[in-house]
Amino acid sequence: MSSASSRTAVGLPQLRRARFAVAAVFCVHGAVTGSFATRIPWIQDHAGVSAGQLGLALAFPALGASVAMPLAGAVSHRFGARAALRGLLALWTLSLVLPAFAPNLLTLCAALFVYGATSGMSDVAMNALGVEVENRLDRSIMSGLHGMWSAGALIGSAGGTLAAHLGSDARLHHTLAALTLTVLGLIACQGVLDLRSSADEEPPPRFALPPKSALIIGAVGFCAVFAEGASLDWSAVYLRDVLDTSPGLAAASTTAFALTMAVARLAGDRIVDRFGPVRTVRVGGVLATIGGLLVVLAPHPALAMCGFALIGFGVAVVVPLAFAAAGRSGPNPSQAIAGVATITYTSGLIAPSAIGAVADATSLVVSFGLVTALALGLVAGAGVLRSAGRESVKVTQPAPAVHDPRL
């Protein structure tokens with residue numbers, strides 16, 4: 001769906017409603033991820049798979065997402081943005097039940113492939129709508145939307161932690177969570193913009209290589225997601241193995257990192273509006289680089305934890321800004337966003353294993369030297385995220401002269 005197909009002037013109240021609605025969608029999407037992540041040990045035991053087999057199975061969500069994300073634009077073109085998001089989000093929330101019912105490795109891989117595919121398509125659809133609302137409001141909202149995703153993930157993981165503590169069967173837990181989140185998602189989708197392609201607009205290809213602009217923007221997102229994934233998955237191991245901390249303190253560093261990311265994203269829009277995306281990402285890259293150096297050089301756990309916190313602050317807003325820049329980079333926002341999403345999903349997939357491989361060959365300290373180098377890449381690449389391409393759509397006053405009947 002091109003931006004040209006969605007430039008009908010709408011009133012400020014409708015845009016505010018659309019902003020809150022898409023924020024709720026992001027929260028629901030994150031809650032599914034949080035609910036799933038906390039029950040992985042139960043799913044592993046139920047499927048009877050080893051740690052190595054589980055690692056193989058957990059590659060399938062990213063594989064499914066990468067394959068399916070390019071389809072999101074075609075779905076939105078055919079059914080309209082609101083109906084497409086409603087259907088794709090419902091498929092994603094309902095797919096939460098599949099992994100818990102998988103009895104073996106083969107069915108678990110298939111379930112996780114579907115889980116990832118529906119996640120990726122709904123991810124593209126909701127980010128495209130978020131970018132459209134941001135463009136119409138002519139101010140940054142994408143960081144806050146991704147902050148709502150992080151908040152949803154924390155809510156979902158809190159519920160999953162409680163269910164696990166009570167010894168609840170994950171099949172029951174995930175069925176109830178899926179039904180609840182599906183209802184909440186359908187309610188939230190009622191308020192999003194109902195964008196439709198013009199009658200003479202060519203449908204986007206079902207599968208296409210990402211445009212060049214998306215590849216350049218995606219490279220910046222790759223650096224940020226690599227640093228995020230490495231820190232999230234390896235910070236506790238780093239503190240335990242390199243700095244000889246207790247398991248409790250090591251685990252606390254991971255939780256603190258996730259909270260840092262959520263808080264920074266929720267506060268990020270005001271910073272971006274004041275300083276602009278390029279300056280924000282460059283300063284963030286500097287902070288993340290300093291954080292990486294602290295991790296690598298820290299003689300004490302407290303300094304390393306400060307370093308991980310700085311990495312979290314530094315990279316938090318990069319992915320939201322990458323999606324926003326992709327949505328303004330050409331005539332087909334969904335295709336560009338899908339391209340950036342594919343690159344960032346790939347980064348998230350390979351980061352944990354790459355860190356492990358480098359650590360096996362050298363050490364974890366060297367691994368986080370690589371993270372530090374990629375963080376420095378944010379400083380060099382920030383220029384591709386500038387907002388000069390933002391196309392603002394006229395926002396009318398509360399009693400608009402032109403009413404869009406699709407809202």
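Computed from a prediction, not measured in an experiment: that's the story for all the values here. (Residues numbered from 1 in each chain as written. Predicted model: local features only at pLDDT ≥ 70, side-chain atom pairs only at ≥ 80, totals over all residues. Heavy atoms only, no water.)

Comments concerning the overall build of the protein chain
Alright, step 1. Of the regular secondary structure elements, the protein chain holds 17 helices and 2 strands.
Alright, step 2. In the protein chain, 86% of the contacts between residues at least 6 apart in sequence involve partners at least 24 apart.
Alright, step 3. Carbon together with sulfur atoms contributes 68% to the accessible area of the protein chain, which is approximately 16,700 Å² in total. (Helix = DSSP H or I, 4+ residues; strand = E, 2+ residues; numbered from the N terminus. Contact = heavy atoms within 4.5 Å. Areas by Shrake-Rupley, 256 points an atom, 1.4 Å probe, with all protein chains shown as cover.)

Remarks on the environment of Ser 363
Alright, step 1. For Ser 363, the location among the structural elements is in the loop between α16 (333–361) and α17 (364–381).
Alright, step 2. Residue Ser 363 is classed as partly exposed on the basis of its relative accessible area, which comes to 27%.
Alright, step 3. In the structure, Ser 363 is positioned 121 residues away from Val 242 in sequence and 9.1 Å away in space, judged by C-alpha atoms. (Buried < 20%, exposed > 50% of the residue type's maximum accessible area, 1.4 Å probe, protein only.)

Topic: the packing of helix α11 (residues 212–241) against helix α15 (residues 318–327)
Alright, step 1. Here α11 crosses α15 at 165°, and the two axes come no closer than 9 Å. By the angle between their directions, the pair α11 and α15 is classed as roughly antiparallel. Handedness of the crossing formed by α11 with α15: left-handed. Packed against α11, whose contacting residues are Ile 217, Val 220, Gly 221, Ala 224 and Val 225, the element α15 presents Val 318, Val 319, Ala 322, Ala 325 and Ala 326 at the interface.
Alright, step 2. A class-by-class count of the residues in the contact of α11 with α15 yields 9 nonpolar, 1 polar and no charged. (Axes fitted to C-alpha atoms, helices over the stretch in contact; angles between N-to-C directions. Parallel < 35°, antiparallel > 145°, perpendicular 65-115°, else oblique. Left-handed = near helix turned anticlockwise from the far one by under 90°. Nonpolar A, V, L, I, M, F, W, Y, C, P; charged D, E, K, R; others polar.)

With respect to helix α13 (residues 277–297)
Alright, step 1. In this model, α13 (21 residues) spans 30 Å end to end at C-alpha, consistent with the 30 Å of a helix rising 1.5 Å per residue.
Alright, step 2. Buried within α13 we find Pro 277, Val 278, Thr 280, Val 281, Gly 284, Gly 285, Ala 288, Thr 289, Gly 291, Gly 292 and Val 295. (Expected span 1.5 Å × (residues − 1).)

Some words on the side chain of Ser 143
Alright, step 1. Following the sequence through the fold, Ser 143 ends up in helix α9 (residues 142–165).
Alright, step 2. Apart from the residues within four sequence positions on either side, Ser 143 is in contact with Ala 264, Arg 265, Leu 266, Gly 268, Asp 269, Val 317 and Pro 320.

Quick look at the packing of aromatic side chains
Alright, step 1. Tallying each qualifying case throughout the model produces 6 aromatic pairs.
Alright, step 2. Measuring from centroid to centroid gives 4.6 Å for Trp 92 and Tyr 115, while their planes differ by 50°, and the two rings are tilted. With a gap of 23 residues between them, Trp 92 in helix α6 (residues 81–94) and Tyr 115 in helix α8 (residues 105–137) connect regions that are remote in the sequence. Both residues of the pair, Trp 92 and Tyr 115, count as buried.
Alright, step 3. A ring pair is formed by Tyr 238 and Phe 308, whose centres lie 6.0 Å apart and whose planes are at 80°; its orientation type is edge-to-face. (Phe/Tyr/Trp six-rings, centres within 6.5 Å; stacked < 30°, edge-to-face > 60°.)

Here's the deal with the environment of Ala 219
Alright, step 1. As for its position among the elements, Ala 219 is in helix α11.
Alright, step 2. Along the sequence, Ala 219 and Ser 347 sit 128 residues apart, while their C-alpha atoms lie 9.4 Å from each other.

Remarks on the packing of α11 against helix α14 (residues 301–315)
Alright, step 1. Where α11 meets α14, the axes come as close as 10 Å, and the angle between the chain directions of the two elements is 160°. Judged by the inter-axis angle, α11 sits roughly antiparallel to α14. The two elements α11 and α14 meet at a crossing, and its hand is left-handed. Residue-level contacts link Ala 224, Ala 227, Glu 228, Ser 231, Ser 235, Tyr 238 and Leu 239 of α11 to Pro 301, Ala 304, Met 305, Phe 308, Ile 311 and Val 315 of α14.
Alright, step 2. Of the residues that constitute the contact of α11 with α14, the class distribution is 10 nonpolar, 2 polar and 1 charged.

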